[in-house]
Amino acid sequence: GYYAQMYQNNNFNYGEGKWWAPHSYIGLNIHIPISENFINSSNIQHLQLQQKQLNFALAHEQSTIEYQINKTRTELKNAETNRAIAFDNYTLSQTIYKNQEDQFALGEFEYSSLLDTEKSVYQAEQNYIVATYNFLVAALAYEKAIGKL
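**Here's the deal with the packing of aromatic side chains**
Line of reasoning, step 1. Under the definition given, this model contains three aromatic pairs.
Line of reasoning, step 2. Relative to Tyr 128, the ring of Phe 87 has its centre 5.3 Å away and its plane inclined at 50°; by these criteria the two rings are tilted. One end of the pair, Phe 87, is in helix H1 (residues 34-106); the other, Tyr 128, is in helix H2 (residues 111-145), with 41 residues separating them in the sequence.
Line of reasoning, step 3. Relative to Tyr 111, the ring of Phe 104 lies with its centre 5.6 Å away and its plane at 45°, an arrangement referred to as tilted.
Line of reasoning, step 4. Judged by relative accessible area, which is 49%, Tyr 111 ranks as partly exposed.
Line of reasoning, step 5. Members of the aromatic cluster, each reached through a chain of ring pairs, are Phe 87, Tyr 90 and Tyr 128.

**A short note on the confidence of the model for the protein**
Line of reasoning, step 1. Per-residue pLDDT for the protein has a mean of 85; in total, 77% of the residues score no lower than 70.
Line of reasoning, step 2. Across the protein, the secondary-structure element scoring lowest on mean pLDDT is strand E1 (residues 2-8), at 56, and the one scoring highest is H2, at 95.

**Considerations on the nonpolar core**
Line of reasoning, step 1. Ranked by size, the top nonpolar core spans eight residues in total: Ala 86, Tyr 90, Tyr 97, Leu 114, Val 121, Ala 124, Tyr 128 and Ala 131.
Line of reasoning, step 2. Put simply, the parts of the chain that give this core at least two residues each are H1 and H2.
Line of reasoning, step 3. In terms of residues, this core owes the most to one element, H2, which gives five residues.
Line of reasoning, step 4. Not counting chain neighbours up to four residues away, the residues in contact with Tyr 128 comprise Arg 83, Ala 86, Phe 87 and Tyr 90.
Line of reasoning, step 5. If you look at the next biggest cluster of nonpolar residues, it comprises seven residues, including Ile 69, Leu 76, Ala 138 and Ala 139.

**Considering a nonpolar patch on the surface**
Line of reasoning, step 1. Residues Phe 104, Tyr 111 and Leu 115 make up a contiguous nonpolar surface patch of roughly 280 Å² in combined accessible area.
Line of reasoning, step 2. Tracing the backbone through its elements, the reader meets Tyr 111 in helix H2.

Reading the values: the criteria
- Residues numbered from 1 in each chain as written.
- Predicted model: local features only at pLDDT ≥ 70, side-chain atom pairs only at ≥ 80, totals over all residues.
- Heavy atoms only, no water.
- Phe/Tyr/Trp six-rings, centres within 6.5 Å; stacked < 30°, edge-to-face > 60°.
- Helix = DSSP H or I, 4+ residues; strand = E, 2+ residues; numbered from the N terminus.
- Buried < 20%, exposed > 50% of the residue type's maximum accessible area, 1.4 Å probe, protein only.
- pLDDT = per-residue confidence, 0-100.
- Core = buried A, V, L, I, M, F, W, Y, C linked by side-chain atoms within 4.5 Å.
- Contact = heavy atoms within 4.5 Å.
- Patch = residues over 30% accessible without salt bridge, like charges linked within 9 Å, V, L, I, M, F, W, Y side chains within 5 Å.
- Areas by Shrake-Rupley, 256 points an atom, 1.4 Å probe, with all protein chains shown as cover.
- Salt bridge = Lys/Arg side-chain N within 4 Å of Asp/Glu carboxyl O.

Below you can see the structure in the form of structure tokens.
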């Protein structure tokens, strides 16, 4: 704190010997860290925003993982269906080829038609191999997505 006593007069003639009117005041020096409160408030707001950003990033990652799992599950089901259809087509083409081979042995079927059917059997076999490969790839992708791989 501070306490002072002063004298006042209209003219500054200190040497005339006139007394000046007395005047006193008290001063109080208070240190309030206003800027520190602003800094702390700013830091709190910054950390709250960082926390919100991290929460959004976490939610985004979780939804991305969930999307990947759903996507790979769907791809696996589709690949499984395609593999089953390709297998059915392959077995059907083998049956047709055997029937036509029997008809050819009896002389009721042309050799060129039998070769076309054999080509179809080969194509159905290739489709089944590709479908099996795609199924295995989809199964690995699904296992990776759910964390088993």
